[in-house]
Every structure is written in structure tokens, then in C-alpha cells.
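Commentary on secondary and tertiary structure
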Amino acid sequence: WLKHRHPQPSPRAAVRLNMEVPVTIGAGALVAVGGIIGFAKKKSKASLIAGGLSGLALMVSGATDRPRMATLVSALLLLMMGPSFVKTGKVMPAGMVTVLSLITLLMNGRKIE
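Here is a short report on the structure shown in this document. The written sequence of each chain sets the order in which its residues are numbered from 1. Only residues with pLDDT of at least 70 are given local features in this predicted model, and only at 80 or more are side-chain atom pairs given and counted; all residues enter the totals for whole chains, interfaces and linings. Heavy atoms throughout the structure, all of them, feed into the side-chain values; hydrogens and water do not.

Quick word on the overall build of the protein
Selection rule: Helix numbers and strand numbers start at the N terminus; a helix is a DSSP run of H or I with at least 4 residues, a strand a run of E with at least 2. Under the scheme applied here, a residue whose accessible area is under 20% of the maximum for its type counts as buried, over 50% as exposed, and between as partly exposed, the area being computed with a 1.4 Å probe on protein chains only. Each accessible area is a Shrake-Rupley result for a 1.4 Å probe, and residues are judged covered by the shown protein chains and nothing else.
Helix and strand counts for the protein come out as six helices and zero strands. Each helix and strand of the protein, ordered N terminal to C terminal, gives the series α-α-α-α-α-α. Taken over 113 residues, the protein has a buried fraction of 29%. Within the structure as shown, the protein displays about 7700 Å² of accessible surface, and the carbon and sulfur contribution to it stands at 72%.

Quick word on the packing of aromatic side chains
In plain terms, the rule: Note on ring pairs: Phe, Tyr and Trp rings are taken, using the six-membered ring of Trp, and paired if centres are within 6.5 Å. Classes follow the plane angle, with under 30 degrees stacked, over 60 edge-to-face and the rest tilted. To sit over a ring, a charge needs its Lys NZ or Arg CZ within 6 Å of the ring centre and within 35 degrees of the ring normal.
Per the stated rule, a full pass over the model turns up zero aromatic pairs. Note that Lys43 overlies the ring of Phe39, its terminal NZ or CZ placed 5.9 Å from the centroid.

Quick word on the nonpolar core
Going by this rule: Grouping buried Ala, Val, Leu, Ile, Met, Phe, Trp, Tyr and Cys residues that are joined through side-chain atoms within 4.5 Å yields what is termed a nonpolar core.
Ranked by size, the top nonpolar core spans eleven residues in total: Ala27, Val31, Ala57, Leu58, Ala70, Val73, Leu77, Met81, Ala94, Val97 and Leu100. When residues of this core are assigned to their parent elements, the largest contribution, four residues, is made by helix H5 (residues 67–88).

Examining the pattern of salt bridges
Rule in force here: Every case where a carboxyl oxygen of Asp or Glu lies within 4 Å of a side-chain nitrogen of Lys or Arg is listed as a salt bridge.
All chains considered together, the criterion is met by two salt bridges. Here Lys111 and Glu20 are joined by a salt bridge, their closest N and O atoms 3.4 Å apart. A residue pair is termed long-range when its members are at least 10 positions apart, and Lys111 in the segment after helix H6 (91–109) and Glu20 in helix H3 (residues 20–42) qualify at 91 residues. We classify Glu20 as buried; its relative accessible area is 3%. Its salt-bridge partner being Lys111, residue Asp65 comes within 2.5 Å of it at the nearest N-O pair. Of the two residues, Asp65 is situated in the loop between helix H4 (45–63) and H5 and Lys111 in the segment after H6; the sequence distance between them amounts to 46 residues.

Written as C-alpha cells, this is what we have:
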């Protein structure tokens, strides 16, 4: 009787639903490392601050399972880096951040209720 009222997700569905956590944390780590590399190569404090803070925000949102926060940060990164990628065509850093942001935006956005 209760099984029909509250169906449990299959183990496969549970794995699929939880993939946004490691993906978001990994994307955040890559963005943060990119900010550090930008600072090391070009002494860009903007890269260090923007990359570090947005990467940290993605890692925290992934670790604490906050898809709204991850979606917001991803959307902001996409808005900032997407036009730069389209304009220059450079894969690093704009292309990589654009792709990572799009992935985390889509994965976390579908989890928002």
C-alpha cells in the first residue's frame, strides 16, 4: 500500500540525480585554478579574485547541495565569459569557462524545484 503512494527512485536515477554535486565541485575547482593561473601568468588580480570567488562559490554550492546558488554563479560566469569566447574564439580561458558554466547551469537548473 505505501509503496504505491511513495515510490522510491531506482538506484540508477539516484546516481543520475546526484551527478551535479561532483560536477559542480570539479567545475568550481577548475575555475579557481584558472584564476590562479591567470594571476601567475599575467599578474591579473581580476582573474585571481573573480576566478577564486566564483570557483569557491561553485565548490561550496556543490558541497552543500545548493543548486540555486550553483545556477546563479554559473549564469553569471556564462554571461561574463560567453561573449568573450564568441568574440575572440579563444578556448582558454573564455571557452573553457563558458562550457563549464553551461554544463553546471543545465545540471543544477533542472534540479531547482
